[in-house]
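Chain by chain, the residues:
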Amino acid sequence: MATAILQARMSSSRLPGKVLRPLLGQPMILRQIERLRRCRRLDRIVVATSESPSDDILVQVLAEAGVETARGPLEDVLGRFIRAMDALDLEGDLVRLTADCPLADPMVIDACIDLRTQGGFDYVSNGQVRTWPRGLDVEAFTSGALRRAHAEARSAYDREHVTPWLYGLGSPFRRGDLVQDRDDSALRWTVDLPEDFSFVERVYAALYPANPAFTSAEVMALPFSRRESDV
């Protein structure tokens, strides 16, 4: 089993406050956590946010929903993860997720965790060799690997993006890549822009009322699902 650390903040530069935008009557981050709770390989979900006053409201909303949180540096997100690990006693298998993915797929997350543990890898993701839509991103690694990254990573880029030191050139770790046969890497299911959120609203309106546990296959079957990524 693993612990998911969900990275979230209110101060997104492109769409401020997006994590609390209402999605069928609930903040977007709570819709994502609802999906994460269907993962078979996760036994704990925590949110790592910043110490910025702008994130006070986020912490309040999460506390009222019974979600564990920890706070740390705004820019040094790697340091924020370590702060969360120390504050909440998180060790063993960890999963990094970001709170702009309300279509997160529990089956993909479970598969990533299984590949890491069964393959004996230190780090596994579906984003280095991308075959899934953007918005289904997941990274699984050991707490020991992340603590070593924290001790040795120096660049602002490595520390802002948490994991590059684990898979970059010269990394001492064994990396695995979760891929699927079909290439859906051009699809954009993440939320960075107003039009991204509008797309997710349409997906939830179409699928959630009949089946709150709707799958990626059901999203793919929608006539408007093929939203091409501009990244």
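Below is a summary of the structure that appears in this document. (Residues numbered from 1 in each chain as written. Predicted model: local features only at pLDDT ≥ 70, side-chain atom pairs only at ≥ 80, totals over all residues. Heavy atoms only, no water.)

Turning to the sheet that holds strand S9 (residues 175-177), a few remarks are in order. Backbone-to-backbone hydrogen bonds pair the strands of a sheet. The strands run either parallel or antiparallel. Judged by pairing direction, the sheet is mixed, and its 7 strands sit side by side in the order S5-S4-S1-S6-S8-S7-S9 without closing on themselves. Each edge of the open sheet carries a strand with a single partner, namely strand S5 (68-72) and S9. Each strand of the sheet is rotated relative to its neighbour by a mean of 25°, with strand direction disregarded. Note: strand S6 (residues 93-98) against strand S8 (residues 139-142), 4 bridges, orientation antiparallel. Across the sheet, residue arginine 96 finds its bridge partner in S8, namely glutamate 139. Seen against the sheet, helix H1 (residues 28-36) touches strand S1 (2-7), strand S4 (42-50) and S6 and runs at an angle of roughly 155° to S4. (Pairing = 2+ DSSP bridges. Helix = DSSP H or I, 4+ residues; strand = E, 2+ residues; numbered from the N terminus. Axes fitted to C-alpha atoms, helices over the stretch in contact; angles between N-to-C directions. Contact = heavy atoms within 4.5 Å.)

One can find aspartate 158 in helix H6 (residues 156-160). With no salt bridge to any partner, buried aspartate 158 finds its closest opposite charge in arginine 159, at an N-O distance of 8.0 Å. In contact with aspartate 158, not counting residues within four places along its chain, are Leu78, Ala153, Thr163, Pro164 and Trp165. (Buried < 20%, exposed > 50% of the residue type's maximum accessible area, 1.4 Å probe, protein only. Lys, Arg positive; Asp, Glu negative; His and termini not counted. Salt bridge = Lys/Arg side-chain N within 4 Å of Asp/Glu carboxyl O.)

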